[in-house]
Amino acid sequence: MGYVDEVLDLVAKKNADQPEFLQAVTEVLNSLRPVVEANEEVYRKNAILERITEPDRVIMFRVPWVDDKGKVQVNRGFRVQFNNSIGPYKGGLRLHPSVNLGIIKFLGFEQIFKNSLTSLPIGGGKGGSDFDPKGKSDREIMAFCQSFMTELCKYIGADVDVPAGDIGTGAREIGYMFGQYKRIRGMFEGVLTGKGLSYGGSLARTEATGYGLLYITEELMKCHGESMEGKTCVVSGAGNVAIYAIQKAQQMGAKVVTCSDSTGWIYDSEGIDVELLREVKEVKRARLTEYAAARKSAEYHEGRGVWSVKCDIALPCATQNELLLDDAKQLVANGCKAVCEGANMPTTLDATEYLQNNGVLFICGKASNAGGVATSALEMSQNSERLSWTFEEVDAKLKNIMVNIYHNIDDAAKQYGMEGNYVAGANIAGFQKVVDAMLAHGVC
Ligand code: NDP
């Protein structure tokens, strides 16, 4: 049995109850086969694959807090510090009832390669809780965030581990967590990113993941003789990534006709009105039915359905495993040219293969949504030099990073005879830098 298969077997045995983690490891290791085969002796001798699939540490803790009725609630908190070979652990905090150890491990594992691809010095980590922020009062959110940070603050620091936002963790939650860290540790340092502008946040961080997604999509299209101008795009999600992806796509001259949330989706024949969407989602924190009620050209549909709409480009920006094999078939039948992932692992493995085998250009999230963490690393740089850069400076650096990522993954795929396979390219390019560092550090 080859080295990759041996390790896949081992990981499956050790983590049988973590399907998302196994899915991510399987995708990554399968696409690394040519690199592993070319370096098998060294990698085996140093147990590189066994080590890279086992987190440095997993921290799991109780988060008790008191709700508005005076009742004590208990959630479970997580921080997975996966790999710090090229820099401090870096990755978001997800607050969603679906959060469990397997999901946080899948996200932390993916983060290693994504962070490496940005070319910036950040390692891989991820965290969160099964706390559901939906329907909670501001006071309840603060109580949860303070309790969560009371425990987490023992394990993080500006040079140790720098968490950020993710699903359910936006500017408000980061603010409460930062306040609690500062209070307990008695120091003001860049321990979190996605901070407010008044206390060390970076301009363009809010927009970065969505904008970055469009910068890489534009480069992909350009390198295939196309542009974004006049293209029809479908987007899923209506959160941070989706909103700014829609905004940038429209600035590039594309028309975005859909968005979605966890209960339904919108088709808007005139193109999504981003300002209205922001009002509904960011300000009112309401359902998409409110968007449809306020706009004549919009239809609201219950459940899933974004991928049934005819488009040139599809941008999944909601959550993992939201684009399934049947959706991929529908996209191909409708003539979709490109799928670029805004979310983490939104496309299932079989759907990804179907898209790739049917001529759809496909960029995986660890490359195409890396703009968020890249800009978080730029926030860390600004915090370290105690300076703030202008929106234009940050945005220009972000664009440069995304264009470079495209060419790096394209080159890596070509180098191993897999031209156009950007999934393999992303995994290979991200992996190589981390492995070089792991080898340099010896067995640890
Ligand atoms: P948000 O919480 O801002 O938005 C998530 C959106 O997806 C919401 O519209 C939400 O609907 C919808 N959604 C969440 N879970 C589900 C589900 N189980 N089924 C259907 N819809 C769902 O998160 P972000 O926009 O920040 O993150 C979206 C994705 O992008 C995630 O995969 C995240 O890991 C990834 N990502 C985010 C980055 C960032 O900088 N924010 C960076 C890199 C990746 P509802 O409104 O009903 O909750």
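Below: a short report on this structure. (Residues numbered from 1 in each chain as written. Predicted model: local features only at pLDDT ≥ 70, side-chain atom pairs only at ≥ 80, totals over all residues. Heavy atoms only, no water.)

A few words on the sheet that holds strand E3 (residues 89-95). Strand pairing in a sheet relies on backbone hydrogen bonds, with the paired strands running either antiparallel or parallel. The strand order across the open sheet formed by five strands is E1-E2-E4-E3-E5, and the pairing between neighbours is mixed. Across the chains shown, the open sheet's two edge strands, defined by having one partner strand only, are strand E1 (57-66) and strand E5 (161-164). In this sheet, neighbouring strand axes are inclined to one another by 20° on average, regardless of whether the strands run parallel or antiparallel. Strand direction decides the pairing type here: E1 and strand E2 (residues 72-83), joined by ten bridges, are antiparallel. Bridging from a neighbouring strand, valine 58 pairs with valine 80 of E2. (Pairing = 2+ DSSP bridges. Helix = DSSP H or I, 4+ residues; strand = E, 2+ residues; numbered from the N terminus. Axes fitted to C-alpha atoms, helices over the stretch in contact; angles between N-to-C directions.)

This part is about the packing of aromatic side chains. The description of an aromatic ring pair rests on the distance of the ring centres and on the angle between the ring planes. Taken as a whole, this structure holds 14 aromatic pairs when the rule is applied. Centroid distance tryptophan 65 to phenylalanine 131: 5.3 Å. Interplanar angle 85°. Geometry classified as edge-to-face. Taken together, the residues span a long stretch of sequence, with tryptophan 65 in strand E1 and phenylalanine 131 in the loop between strand E4 (123-129) and helix H7 (138-152) at a distance of 66 residues. Comparing tryptophan 65 with phenylalanine 131 shows no difference in burial state: the two are buried. A network of ring pairs unites the aromatic residues Phe61, Trp65, Phe131, Phe144 and Phe148 as a single cluster. One cation-aromatic arrangement involves lysine 329 over tyrosine 354; the distance from NZ or CZ to the ring centre is 5.9 Å. It is lysine 397 that lies over the ring of tryptophan 389; its NZ or CZ is 4.8 Å from the centre. (Phe/Tyr/Trp six-rings, centres within 6.5 Å; stacked < 30°, edge-to-face > 60°. Buried < 20%, exposed > 50% of the residue type's maximum accessible area, 1.4 Å probe, protein only. Lys NZ or Arg CZ within 6 Å of the ring centre and 35° of its normal.)

The next subject is the environment of lysine 222. Mapped onto the secondary structure, lysine 222 falls in helix H9 (residues 205-223). Each C-alpha atom, one on lysine 222 and one on isoleucine 112, is 28 Å from the other, the two residues being 110 residues apart in sequence.

All right, on to the nonpolar core then. Grouped together as the largest cluster of nonpolar side chains are 122 residues, with contacts concentrated most on Leu29, Phe109, Leu277, Tyr291, Val339, Ile363 and Phe431. Ranked by residue count, the leading element in this core is helix H18 (residues 422-441), at eleven residues. Setting aside chain neighbours within four positions, we find leucine 29 in contact with Val4, Val7, Leu8, Leu49 and Thr53. In terms of nonpolar packing, the next biggest core, distinct from the first, is built from 22 residues, Ile59, Leu93, Ile141 and Phe144 among them. (Core = buried A, V, L, I, M, F, W, Y, C linked by side-chain atoms within 4.5 Å. Contact = heavy atoms within 4.5 Å.)

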